[in-house]
Amino acid sequence: MSMPFFAPGDDPGASFPELLRRVGLTADAPVGAMGDLGVPHATTCVALRYLDGVVMAGDRRATSGNLISHRSMEKVVQADRYSGVAIAGAAGPAMEMIKLFQLQLEHYEKVEGTFLSLEGKANQLSMMVRGNLPAAMQGMVVVPLFAGYDNRRETGRLWAYDVTGGRYEEHEYVATGSGSLHAGTVIKLGHNPHLDRDEALTLACRALWEAADADSATGGPDALRGIYPVIATITADGWQRVSDDDLAARYVAIAEEMRSRT
Amino acid sequence: MSQPFYVAPEQVMKDRADYARKGIARGRAAVALRYVDGIALVAENPSNTLRKVSEIYDRIAFAGIGKYNEYDQLRVAGVRAADLKGYQYSRDDVDARSLANSYAQMLGQIFTHEMKPMEVEILVAEVSHDAGGDQLFHILYDGTVFDERRFSVLGGDADAMSGRLNESWSEGLDLRSAVRAAVSALAGPDRTLTADDLEIAVLSRTNGRRCFHRLTDDDVAGHLAD
């Protein structure tokens, strides 16, 4: 391990991506059209605000064209103690972006000795998405969601992004990926700012259920293999993932309700 | 052009070492010691913002004494080296031994080749999954490395403090006793240190992935109270 030491004018500061550039560890942007390479794609993720903070949820399926390439991918991940990120798009660059984003938050915290503000984290992610633009032009699109608990304002907050790094704060809910239209509509119909934790979790489960029902690239709950969506809450107490047992019970209830209607 | 006077290399090294030692002796000391759940790092530091003890990686912490800007530069270099290695390989591949070697090489290089040696002493500590594997690397201004088993004392008056710790340290101390032993070793017989004068952090096996945790002033006062 060699020590990265920089002259004062050349110091990368608390930025990990900038440090990677200085030591020559960044990958080159892909050249040529990649759209038909059959790279795995990750799909539907949603996030919504509720009384105590935010809920983030994402299905587990990754597809390559018309094939299912992974059944248990985790697209909703913890970014740090008070925030999470969810990703739709080309799985390879998306996972790399998540890894780099997590590292950046931790790196900043250690170098500076203090947390980034939630807005600062959202802005960092925006710059990473923008950095992926050359790859996105070749078909490797990555579109994340970012959500977290803002300790200064004492509320949950959500952001949606576009391919160019555009950052849009939403006040109720956001959805991304191929099933986002269906998932977003379900949340839109059921959402109000006074949802409690239980109602918010059920709404998120319901949204992914409907997305999986209508979109072939979104995976539903898989009771056979015991694979359920990744759902987590972020509140003043930090990130907390909802257990599979809890989700299984919710999906049984949803299935019962569907059955009673026919 | 005038010829510079010849100075014997022994003299050059001795002068540099004296200079560094003097700078270090002016500052306040720090102690790291093993306790039952990991390693406690205790520094005498009246400042609440300019840290002597900090986190490097999941299981690795850093302590530095002497000139603040110099050991802080070393701390940041350590964070960068560790994060880069973890990114390139895996989080499990980042270890204190190779980090300590890099520090030693750098300090040795600066000591022999630069005008002025760094006026610092640093410590790299790594907590292992079981108590037997905890590591403490104490690195001096000239790049000398000591691998210490029980505790490590950084500072000008290290001999006296080591003597005091030798008597109070034993295997399997709990956190409270470890903090009290470290604080009385730092204070000596004639002084009393309060929570305001201290900066204490632990690397604890019980903290999950990131083992580093700072104790608040209230925690410290609680441990020091009778």
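Read on for a plain summary of the structure. (Residues numbered from 1 in each chain as written. Chains lettered and ligands numbered in written order. Predicted model: local features only at pLDDT ≥ 70, side-chain atom pairs only at ≥ 80, totals over all residues.)

**Quick look at the sheet that holds strand S2 (residues 45-50) of chain A**
All names here are of chain A. This is how it is decided: Strand pairing is assigned whenever DSSP detects at least two bridges linking the two strands. For helices the rule is a DSSP run of H or I covering at least 4 residues; for strands it is a run of E covering at least 2, with both sets numbered from the N terminus onward. Interaxial angles span 0 to 180 degrees and are taken between N-to-C directions of axes, which are lines fitted to C-alpha atoms, for helices over the stretch in contact. With C-beta atoms placed from the backbone, a contact is any residue pair whose C-beta atoms sit within 7 Å.
Read across the open sheet, the 5 strands follow the order S11-S2-S3-S12-S13; overall the sheet is antiparallel. The open sheet has two edge strands, strand S11 (173-176) and strand S13 (238-241), and neither has a second partner. Neighbour-to-neighbour, the strand axes of the sheet open up by a mean angle of 15°, direction not taken into account. Strand direction decides the pairing type here: strand S3 (residues 53-58) and strand S12 (residues 230-235), joined by 5 bridges, are antiparallel. Bridge pairing in S12 links Gly58 to Val230. Here helix H5 (residues 180-190) sits on the sheet and contacts S2 and S11; the angle it forms with S11, its principal contact strand, is near 165°.

**Considering helix H5 (residues 175-187) of chain B**
Quick reminder of the rule: Given a helix with a known number of residues, its expected span is that number minus one, times 1.5 Å.
For H5(B), built from 13 residues, the straight-helix expectation of 18 Å at 1.5 Å per residue is met to within 8% by its first-to-last C-alpha distance of 18 Å. Contacts from the buried residues of H5(B) go to strand S1 (30-35), strand S2 (38-44), helix H4 (158-168), strand S9 (198-204) and helix H6 (217-224) of chain B.

**Details of the pairing of strand S8 (residues 142-150) of chain A**
Residues and elements named next belong to chain A. Inclusion rule: A residue is called partly exposed when the number of other C-beta atoms within 10 Å of its own lies between 12 and 20, exposed at 12 or fewer, and buried at 20 or more, with C-beta atoms placed from the backbone.
Within S8, 8 of the 9 residues are buried, which leaves it mostly tucked inside the rest of the structure. Bridge count between strand S7 (residues 83-90) and S8: 7 bridges; the pairing is antiparallel. Looking at the pairing, Ala88 lines up with Val143 of S8. In terms of strand pairing, S8 meets strand S9 (residues 155-161) through 6 bridges, oriented antiparallel. Opposite Phe146, over in S9, you have Trp159 as the bridge partner.

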